[in-house]
12 protein chains.
Amino acid sequence: MKTIAIINGPNLDRLGLREPEVYGRATLADLERELKAEAATLGVELSFFQSNHEGAIIDQFAALASAGVAGVVINPGGLTHTSVALRDAIAGSGLPTVEVHISNIHAREEFRRQSVTAGACVGAIAGLGFGGYALALRFLARRD
Amino acid sequence: MKTIAIINGPNLDRLGLREPEVYGRATLADLERELKAEAATLGVELSFFQSNHEGAIIDQFAALASAGVAGVVINPGGLTHTSVALRDAIAGSGLPTVEVHISNIHAREEFRRQSVTAGACVGAIAGLGFGGYALALRFLARRD
Amino acid sequence: MKTIAIINGPNLDRLGLREPEVYGRATLADLERELKAEAATLGVELSFFQSNHEGAIIDQFAALASAGVAGVVINPGGLTHTSVALRDAIAGSGLPTVEVHISNIHAREEFRRQSVTAGACVGAIAGLGFGGYALALRFLARRD
Amino acid sequence: MKTIAIINGPNLDRLGLREPEVYGRATLADLERELKAEAATLGVELSFFQSNHEGAIIDQFAALASAGVAGVVINPGGLTHTSVALRDAIAGSGLPTVEVHISNIHAREEFRRQSVTAGACVGAIAGLGFGGYALALRFLARRD
Amino acid sequence: MKTIAIINGPNLDRLGLREPEVYGRATLADLERELKAEAATLGVELSFFQSNHEGAIIDQFAALASAGVAGVVINPGGLTHTSVALRDAIAGSGLPTVEVHISNIHAREEFRRQSVTAGACVGAIAGLGFGGYALALRFLARRD
Amino acid sequence: MKTIAIINGPNLDRLGLREPEVYGRATLADLERELKAEAATLGVELSFFQSNHEGAIIDQFAALASAGVAGVVINPGGLTHTSVALRDAIAGSGLPTVEVHISNIHAREEFRRQSVTAGACVGAIAGLGFGGYALALRFLARRD
Amino acid sequence: MKTIAIINGPNLDRLGLREPEVYGRATLADLERELKAEAATLGVELSFFQSNHEGAIIDQFAALASAGVAGVVINPGGLTHTSVALRDAIAGSGLPTVEVHISNIHAREEFRRQSVTAGACVGAIAGLGFGGYALALRFLARRD
Amino acid sequence: MKTIAIINGPNLDRLGLREPEVYGRATLADLERELKAEAATLGVELSFFQSNHEGAIIDQFAALASAGVAGVVINPGGLTHTSVALRDAIAGSGLPTVEVHISNIHAREEFRRQSVTAGACVGAIAGLGFGGYALALRFLARRD
Amino acid sequence: MKTIAIINGPNLDRLGLREPEVYGRATLADLERELKAEAATLGVELSFFQSNHEGAIIDQFAALASAGVAGVVINPGGLTHTSVALRDAIAGSGLPTVEVHISNIHAREEFRRQSVTAGACVGAIAGLGFGGYALALRFLARRD
Amino acid sequence: MKTIAIINGPNLDRLGLREPEVYGRATLADLERELKAEAATLGVELSFFQSNHEGAIIDQFAALASAGVAGVVINPGGLTHTSVALRDAIAGSGLPTVEVHISNIHAREEFRRQSVTAGACVGAIAGLGFGGYALALRFLARRD
Amino acid sequence: MKTIAIINGPNLDRLGLREPEVYGRATLADLERELKAEAATLGVELSFFQSNHEGAIIDQFAALASAGVAGVVINPGGLTHTSVALRDAIAGSGLPTVEVHISNIHAREEFRRQSVTAGACVGAIAGLGFGGYALALRFLARRD
Amino acid sequence: MKTIAIINGPNLDRLGLREPEVYGRATLADLERELKAEAATLGVELSFFQSNHEGAIIDQFAALASAGVAGVVINPGGLTHTSVALRDAIAGSGLPTVEVHISNIHAREEFRRQSVTAGACVGAIAGLGFGGYALALRFLARRD
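Residues numbered from 1 in each chain as written. Chains lettered and ligands numbered in written order. Predicted model: local features only at pLDDT ≥ 70, side-chain atom pairs only at ≥ 80, totals over all residues. Heavy atoms only, no water.

Trainee: Help me understand the overall build of chain A, please; the structure alone is not making it clear to me.
Mentor: On a plain count of helices and strands, chain A comes out with five helices and five strands. Reading chain A from its N end, one meets helices and strands in the order β-α-α-β-α-β-α-β-β-α. Scaling as 2.2 N^0.38, a compact globule of 144 residues should have a C-alpha radius of gyration of about 15 Å, and chain A matches this with 14 Å. Looking at the 144 residues of chain A, the share that counts as buried comes to 65%. At a minimum sequence separation of 6, the contacts of chain A that also span at least 24 residues come to 77%. A total of about 4800 Å² of accessible surface is found on chain A, and carbon and sulfur atoms cover 49% of it. Charged side chains in chain A number 13 positive and 15 negative. The centres of these two groups are separated by 4 Å. (Helix = DSSP H or I, 4+ residues; strand = E, 2+ residues; numbered from the N terminus. Rg over C-alpha atoms; globule rule 2.2 N^0.38 Å. Buried < 20%, exposed > 50% of the residue type's maximum accessible area, 1.4 Å probe, protein only. Contact = heavy atoms within 4.5 Å. Areas by Shrake-Rupley, 256 points an atom, 1.4 Å probe, with all protein chains shown as cover. Lys, Arg positive; Asp, Glu negative; His and termini not counted. Charge placed at Lys NZ, Arg CZ, Asp CG, Glu CD.)

Trainee: I keep staring at the relation of the copies chain C and chain D and nothing clicks. Help me out?
Mentor: Each of the two chain copies can be generated from the other by rotation about an axis followed by a shift along it. Overlaying chain C on chain D yields an RMSD of 0.0 Å, the required transformation being a rotation through 180 degrees with an accompanying axial translation of 0.0 Å. A rotation of that kind, with that shift, is consistent with a two-fold axis. In terms of proximity to the rotation axis, the leading residue of chain C is I125(C), whose C-alpha is 2.1 Å off the axis. A high fraction, 95%, of the interface residues of chain C reappear at the interface in chain D, so the copies pair face to face through one surface. (Least-squares fit on C-alpha atoms with pLDDT ≥ 70 in both.)

Trainee: Hey, could you run me through the interface of chain E and chain I in this one?
Mentor: Interface extent is often summarised as the accessible area lost during association of the parts. At the junction of the two partners, chain E supplies 21 residues and chain I supplies 20 residues. Each partner contributes to the roughly 1800 Å² buried at the junction of chain E and chain I, and carbon and sulfur atoms together form 57% of this total. Our count for the contact surface shared by chain E and chain I stands at zero salt bridges. When residues of the side of chain E that touches chain I are traced back to their parent elements, those giving at least two are β5 (123-126) and α5 (131-142) of chain E. For the side of chain E that touches chain I, the element with the highest residue contribution is β5(E), accounting for four residues. (Buried area = accessible area lost by both parts, 1.4 Å probe. Salt bridge = Lys/Arg side-chain N within 4 Å of Asp/Glu carboxyl O.)

Trainee: How should I be thinking about the interface of chain C and chain D in this particular structure?
Mentor: Counting residues at the interface gives 20 residues for chain C and 19 residues for chain D. Broken down residue by residue, the surface that chain C buries against chain D is led by H106(C), L128(C) and L135(C), which jointly contribute 30%. If you look at where chain C meets chain D, you find zero salt bridges. At the junction of chain C and chain D, the tally comes to six residue pairs in polar contact (both at pLDDT 80 or more). The set of elements that each furnish at least two residues to the side of chain C that touches chain D consists of β5 (123-126) and α5 (131-142) of chain C. Here the side of chain C that touches chain D is built from residues that sort into eleven nonpolar, seven polar and two charged. Pairing analysis gives three bridges linking β5(C) to strand β5 (residues 123-126) of chain D, with the strands arranged antiparallel. Looking at β5(D), one finds that A126(C) is bridged to A124(D). (Polar contact = N/O pair within 3.5 Å; in protein donor to acceptor, adjacent residues only side chain to side chain. Nonpolar A, V, L, I, M, F, W, Y, C, P; charged D, E, K, R; others polar. Pairing = 2+ DSSP bridges.)

Read these as geometric descriptors, not functional statements.
Take a look at the structure:
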């Protein structure tokens, strides 16, 4: 059975608590519950990781590359727009990775409209709420 | 039963014929067949439209707004990066729209990394091949 | 009796239907009725043209140049900010043209603050609602 | 009876004397005479103010806001492209203001193509010569 | 016998009528006559196409790719500087294409100095008047 | 006893009248009253100056430099973002100066996020409302 | 009794040791001693936190939001100019935060003149040395 | 006998008092004395004007244009880099004007390296200290 | 009999030796032989000049202007993108000049996509290999 | 005996595993072995540190500054291009530091061509593979 | 007796022959004759040097630095806007140098408005024709 | 025995004479003596070349490519930041080349922070004084 990793970056531990008018009221636990249900349907296993530390996420990519998961769904939070180091970690892991954003970054402030990290991913999904994670999961589960 | 519109912009009639090393060998007809199968599963109807004319796509948005479809999946092709008029048409239609790109625009030439049109959409999916259309369809079908 | 052409570009067929909080509830038909009344007062005839096709508007400029109208009032919609081809058509027609925008483009998103097409016009009016068309009409009617 | 203020900024006292190939040979006095005739037709009163001093124009906006005029027509001259302070004064006055330029700023040097002040106005008219003032006046007179 | 396609974009139907001080007094018909004479010398056949519609030109590229012509000479007019969709159409056709400009775009306004479309062509010729078309034709005729 | 000068630039005479949703309802007189109370506590004297004229503020800096005050608190209003001449006046006076902004300029429009004048000051305080003036005053009063 | 948190970012543990000609010779311990004295006067309690880790500071904001402190004084050090993730943490905490810089960032290298994080704060104080912290503390203590 | 006007802009009344390490210790009175001696040699009369007010300098240009002086030597101070209104005044006066800077603006901060006003002058002299004024005077005196 | 000069700039002496995958295996001598054959057909004489020295090429333009050749074909190599001095030499010679590039500069690195020198030429040809020289020669030979 | 510290930043723990076509197949352990051999020759001691955490590297600089090593060789990985905080740590440590990159950053993507951190170092070496570390070590060992 | 060197850069050997509508009809020999007359009056000797070769001018600066002239007047022609190497030569010579331009570079094309070389000079004179050289000479002759 | 070429560009003949506070007091002869000693140790021969002429250095690269040296150490001086022609010469020679700068270009003026030429080299060393040459030599000597 395939394992797919779900990584959430800085501030996503505060989902539901933080700016609910932008990100909604559901929490990270709610998200993980939804994704587990979806994974059951798709016949894959999930591993979850959340950190506010760029370095810890980079460490995690190295660990996942060694462990050999089938793919990664990542929401890099604010690191999306600034972290060359995280981009290098994604590229270096060799793991197929899909970037997800809950809100539509293309319609927000200027400094959120470009993604540094997405260039090292297979692709990106933005603005579809929690649904974006489920869709990315489905994409990786069905990919051979 | 909900209807969801699938719109393909300039050059997508040439899918499978055009730069197959970038876009793959499957044709627009193949894509439509896949989406119909997916739609059956999801219990929605589809309408298809392809044009190389910016104006014709804008007309189509007006027509769809009058007809009252449940959502639109659009791949604006090269118009993505320049067409304010199409952006206005999307915004003006009031229809929930998801932008899809077959390739990962974030990893291509500089002038393909920004989307003018996505700012008027609910969100965007890039780099997931034909799968991106199916995921967008699923998102719109499940949305209330 | 002078004839003055009124050209409306992409999405202006949707006036009154599209983003009424920005553009108001009056329709293109309402606009044309108002302009006809104004034209009667000014003693000029009007011709109307609306298209969502950049190419069709360029064709129309060629036709008007042959027909020899006294001037053109144009709202290029989203083409304002990108269309060098339309700018060339305006310049190439040799017709005195006034650009009109219903909303104040100077106070909107960054990408709407510059006009590519206005450089080929006699001048431009922005932000005065439907009134801007009537004023442009009056300017062209009184000009010798 | 409504009063509308006409404000002319730096160098417009030199109209007719200065670069007549760009701005024409008519003087500021000629302009004011034309506008008075137009005002009589429209049934409004006018007040005139010209200054080469940014600060004096800002003072004038404060005075007009207290006096309660119905609107302002302003040609900010060279301040158009640089004065955030004047923009703040227009916004702070709460008075409906229309910006006017005699020449078509969209077709001149790069540094004249953007207006800092127009973002705080209702709208702007450029390139229609003295006629632009009369049209702005008419717009404000007819506005309720 | 080889066939080479000659495509003229927006406003080139107005050759000879439009800004003759920039583009000269000869018409599109004159150009086509000259090119036919040149083609006779070179032993190739020509097909001609002119449109003011970006979409129609893109359709034409798809048609030519199916028909299998030996090469294309294109003057994209104002689309040169903005149309990613046309660039995609050229690239997607797989046809050797030479871009031609009558005037020297390198010596004109800033916004005309870069070509978006030329990046998908074999090469480009600018500033050599009608002669540029003939030279491009000769290049394609002699190429194996 | 030390004297500290309080200088308010363009439009700050309109405090409480102008855009109260941004700047609040308290007036310049209210501000001066609050600062006098604070000055009494701190054992310093105050001089007040407000002008909408860049030149008058520059004159004032020259006068204060001759008079030898202990420091200056300045809110340059819209001049903050544009006036090299005022920057030169602050630097040229040799007086320790603290720049104050009522609103948080870092969270406003792009053109308000950089300060030209603060580079010639000791430092700057933004976004703390009237409180910013009191804190700047306290800083200068306590400084030896 | 209110608690106010004092957060110091990267390299501020090296105060007094690092580039004393820019930042002075007093240490972080000296700063904390000064602030405690000030807090006693103001009748508030303080909590101190310093870290060179972006992630640890983001964690701390989440902790403080749960604990419910009355406000935060932060000097983000070099993260000021680059960290969107920290900006999101400040905004997401909902805590009134004042940004402080010891030196005047407006008078330093280009890359230090813009603050990414200040846009999510109530306001910012720069260039007033240790005094800036005390003033920020006073502002938050007096705020209701 | 020819009259030549010497105009000094903002902060030049503070020469000798202000930043002597940049501008030297000689005062404006010293400069005027030196220029009078030079004028005597050249057989021309001088008029002097200094103001910190942009508007007053613009007024002065209008007055000099009416009075008909033979030329103007201007040091616009900080207005050099920002004032489109002053540039317009110079151009509008029709008077041959030479711009002078005491220090070498090409070797100072980025924002001092471009001159907005020099584009409307005959030419410009920078970095030659007081000597620059004398040379500009000589140029205008010898010019016919 | 007309003489036309062929000038090759830096590194073109290395044709055939240097990066053959970009520039082909034919040498400068091969190119000159081809052009001589073409010249014979066209009834013109050729002069050849190659240098790696910007100054020598500028000297050559002065010599050719004195000698009175009928036109110049130049491939400025890497100087294309940087040399204002060469641009001035071309403009100053008054000789009709056509710029040629072997590869398609529009499809290469960012810094090769703009030509400084082409603005002073009659026109430019890029991407047509050695054929571009022959076409430029033909253009100049046929021009009267 | 001098000690020199070798610091490797994010993702360099993955050397040999990550993108071997760019970085080669040798591992971090291989690198450290090579450097130990070199150090023996040079008569210096080495300390090694690798971390994916910006904060941990900053902490390490503080520790090394206290410990008093003779110099630092650092490869900051992706932090090179973004981390002002790391730049401050290098500058704040007072330790002579040489920046090393395995690949030639000048020949890679635009965003890798500038180094934020190198401005605080003695110098930088790029593109010489593992050899760059050895050279930096030699430089610091021989420096007095 | 002091010697002052006059250096003219690329294309200035063509003065009077090249674009006389921009640079006038007088030749380099005329200029040198005028300057000799001026030098006689000032009691200084002149040496003249003109070259179209950047390298030769740099060599000349080294030679003049060894010879020990009292100053240099240079018109770098097109090198002004591009040559960092020439800037370094001027700075490296330690010779007081004044840059001269015949035309007013501030009123010409964008790429001529900035000087790379002037930052290493004492100052610069532009737009005063041949007179600019004479004034620069006078400045250096009188300087001690 | 391998030969390695040492090339020094513009102004490096003036080492020790020119701006010694930036570049030190040792001369080019001193540098060459140091490198000869190093070469003896490494068992390689050296050839030296210095020129202030871009063209001469390009010629030298062609000569070295023919002669077949084992590598090149180049300090391009001011050409580093501007010369595309030199970049082409390095690439075209096919010789492994290491770029060296005596000072740390990353810590100097903006226009010195990017290298045009380094993109065609194996790598680059900056800021290590004369030592940088020796290290580059060692790198090339040890490379197979």
